Amino acid sequence: MATPKEAKEVLKRFWIETPSWAYGNSGTRFKVFAQPGVPRDPYEKIADAAQVHKFTGAAPSVALHIPWDKVDDYKHLADYAAELGVRLGTINSNTFQDDDYKLGSVCHPDAKIRQKAVDHLYECIEIMGKTGSTDVKLWFADGTNYPGQDNLADRQDRLADSLRKCYDRLGPDQRMLLEYKFFEPAFYSTDVPDWGTSYVHCLELGEKASVCVDTGHHAPGTNIEFIVAGLLRAKRLGAFDFNSRFYADDDLIVGAADPFQLFRIMHEVNINGGFDIGTPVSYVLDQCHNIEAKIPGQIRSIMNVQEAVAKAVLVDQDALKKAQLAGDVLAGHEVLMDAYNTDVRGLLREWRSDKGIDPEPMKAYAASGYAKKIATDRVGGNQAGWGA
């Protein structure tokens, strides 16, 4: 049976990347809500991300979104991040906010618009070289609204061709992460709607292409842990985008809607090598804090994931395997429930104290005065948000 000490060892090497866009203004399709102290440029986003790492000890990397995080000198931005104790991570592309992409980007029927999208992906790969990033993450809003609008198979051919062009631009230590989404914004068909579509394209591309699983991008009732287990078995799970949902892709704080699901996912990650030393799986938050404060929202999210990880490691694997081999259904279920019902908050407080950080991150951040400082200092200019 795993011990708290073993759980702490896993937590020592487990880290989560935070997204730059989580620190900007966001909202629903009807309204973007402004908050005091929101960053006005990528540098201020990095500064806020550094606060999350300071109080959690588990968020040393920041994902960038291009063009939202465009700067003139990416090395300077990387050096600034290093000064604050964090680094630049995944480069995320954007082929969904330009008028040309109304009918798609890499799947568009017009070759000129497809090339425009591919050129943007080339730009993202070039930025990876300047920031030292190893991952480029692709999510496409491409799809159709009506039957007959376009040829579905032709769109897959266009997608494959565009992905191949970008894949061939990757350096030896770089990789492509292909994300999928069940629906939205397309109403009839989505060009990368599920893990299977992403997986097939990654297989065709080669070993440097892997699937990104966004926990909010599934139909209600989908067994996400089954998908995770299968992709780990195939060695094609490249990354998680963590968030939570009640109805659709709500981008809520991870673990808010179904903490038991998050635990089940982390259990499959644990038993299939996703927490091993040198794992290729990266763990990233992909959330928009529409009504809650940005930095505390990220801190709480990391704490939720850490609790799920600790509980997953504490599963008595010997007892579980014994019950499974004996066909004892209830005994196997009880083993999982025993771990899930374990209160690991004390273990995590000890882990933080061992690292020399405050055992209560939310309270420590609230008492730090940082929120008041940025609300006072960041006056004037344009706040960052969707499209900025």
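Before reading further, recall that the structure is shown in the block above.
If you're wondering where the values come from, they're calculated on a predicted model, not measured in any experiment.

The rules we used
- Residues numbered from 1 in each chain as written.
- Predicted model: local features only at pLDDT ≥ 70, side-chain atom pairs only at ≥ 80, totals over all residues.
- Heavy atoms only, no water.
- Helix = DSSP H or I, 4+ residues; strand = E, 2+ residues; numbered from the N terminus.
- Buried < 20%, exposed > 50% of the residue type's maximum accessible area, 1.4 Å probe, protein only.
- Contact = heavy atoms within 4.5 Å.
- Areas by Shrake-Rupley, 256 points an atom, 1.4 Å probe, with all protein chains shown as cover.
- Lys, Arg positive; Asp, Glu negative; His and termini not counted.
- Charge placed at Lys NZ, Arg CZ, Asp CG, Glu CD.
- Pairing = 2+ DSSP bridges.
- Right-handed = clockwise from strand over helix to strand, strands pointing away.
- Arc of directions from axis to C-beta.
- Core = buried A, V, L, I, M, F, W, Y, C linked by side-chain atoms within 4.5 Å.
- Phe/Tyr/Trp six-rings, centres within 6.5 Å; stacked < 30°, edge-to-face > 60°.
- Lys NZ or Arg CZ within 6 Å of the ring centre and 35° of its normal.
- Salt bridge = Lys/Arg side-chain N within 4 Å of Asp/Glu carboxyl O.

**Observations concerning the overall build of the chain**
Piece 1. When its secondary structure is counted, the chain shows 14 helices and 12 strands.
Piece 2. Seen through its C-alpha atoms, the chain measures out along the principal axes to roughly 60 × 55 × 40 Å.
Piece 3. By residue count, 55% of the 388 residues in the chain fall in the buried class.
Piece 4. The contacts of the chain with a sequence gap of at least 6 include a subset with a gap of at least 24, amounting to 78%.
Piece 5. Per element, the accessible surface of the chain, about 17600 Å² overall, is 53% carbon and sulfur.
Piece 6. Positive and negative side-chain charges in the chain, numbering 44 and 55 respectively, have mean positions lying 3 Å apart.

**Let's talk about the pairing of strand β4 (residues 61-65)**
Piece 1. Buried residues dominate β4, accounting for five of its five residues.
Piece 2. The alternating pattern of β4 places Ser61, Ala63 and His65 and Val62 and Leu64 on opposite faces, both of which are buried.
Piece 3. In terms of strand pairing, strand β1 (residues 17-19) meets β4 through three bridges, oriented parallel. Its bridge partner being in β4, threonine 18 is matched across the sheet by valine 62.
Piece 4. Looking at chain direction, β4 and strand β5 (residues 87-92) are connected through four bridges and run parallel. Following the sheet pairing, histidine 65 is matched in β5 by asparagine 92.
Piece 5. Once you follow β4 into helix α3 (residues 74-83) and on to β5, the crossover reads as right-handed.

**Focus: α3**
Piece 1. Taken as a whole, α3 has its buried residues at Tyr74, Leu77, Ala78 and Ala81. Along the long axis of α3, the arc covered by the buried residues comes to 100°, so they all point the same way. Across α3 from its buried face, at more than 90 degrees, point the exposed residues Lys75, Ala82 and Glu83.
Piece 2. Buried residues belonging to α3 abut α2 (42-56), β4, β5 and α4 (111-131).

**Examining the nonpolar core**
Piece 1. Counting 91 residues, the largest nonpolar core has Phe240 and Met266 as the members making the most contacts within it.
Piece 2. Among the elements that take part in this core, helix α9 (residues 294-313) stands out by supplying 10 residues, more than any other.
Piece 3. Residue contacts for methionine 266: discarding those within four places in its chain leaves Phe240, Phe242, Phe275, Ala308, Val309 and Ala312.
Piece 4. Among the nonpolar cores identified, the runner-up in size contains seven residues, and Phe263, Val315, Leu336 and Tyr340 belong to it.

**Remarks on the packing of aromatic side chains**
Piece 1. In total, this model carries 16 aromatic pairs according to the counting rule given.
Piece 2. Measuring from ring centre to ring centre gives 6.4 Å for tryptophan 68 and phenylalanine 96, while their planes differ by 85°; the resulting arrangement is edge-to-face. Of this pair, tryptophan 68 sits in the loop between β4 and α3 while phenylalanine 96 sits in the loop between β5 and α4, placing them 28 residues apart in sequence.
Piece 3. The exposure class of phenylalanine 96 is partly exposed, given its relative accessible area of 28%.
Piece 4. Each residue in the set Phe14, Phe240, Phe242, Phe275 and Tyr283 is aromatic and connected to the rest through ring pairs, giving one cluster.
Piece 5. The ring of tyrosine 101 is capped by lysine 116, whose NZ or CZ atom sits 5.4 Å from the centre of that ring.

**Things to note about the pattern of salt bridges**
Piece 1. A full pass over the atoms with the stated rule returns 25 salt bridges.
Piece 2. A salt bridge links glutamate 126 to lysine 130; its shortest N-O distance comes to 3.6 Å. Here the residue glutamate 126 and the residue lysine 130 both occupy positions in helix α4, the gap between them amounting to four residues, near one helical turn.
Piece 3. Among the residues examined, lysine 130 registers a relative accessible area of 44% and is labelled partly exposed.
Piece 4. We note a salt bridge from glutamate 225 to arginine 264, for which the minimum N-O separation is 2.6 Å. With glutamate 225 in helix α7 (residues 224-233) and arginine 264 in helix α8 (residues 259-271), this residue pair connects regions lying 39 residues apart in the sequence.
Piece 5. Connected through shared salt-bridge partners, Arg40, Glu44, Asp48 and Arg378 make up one network.

That's the geometry; what it means functionally is another story.
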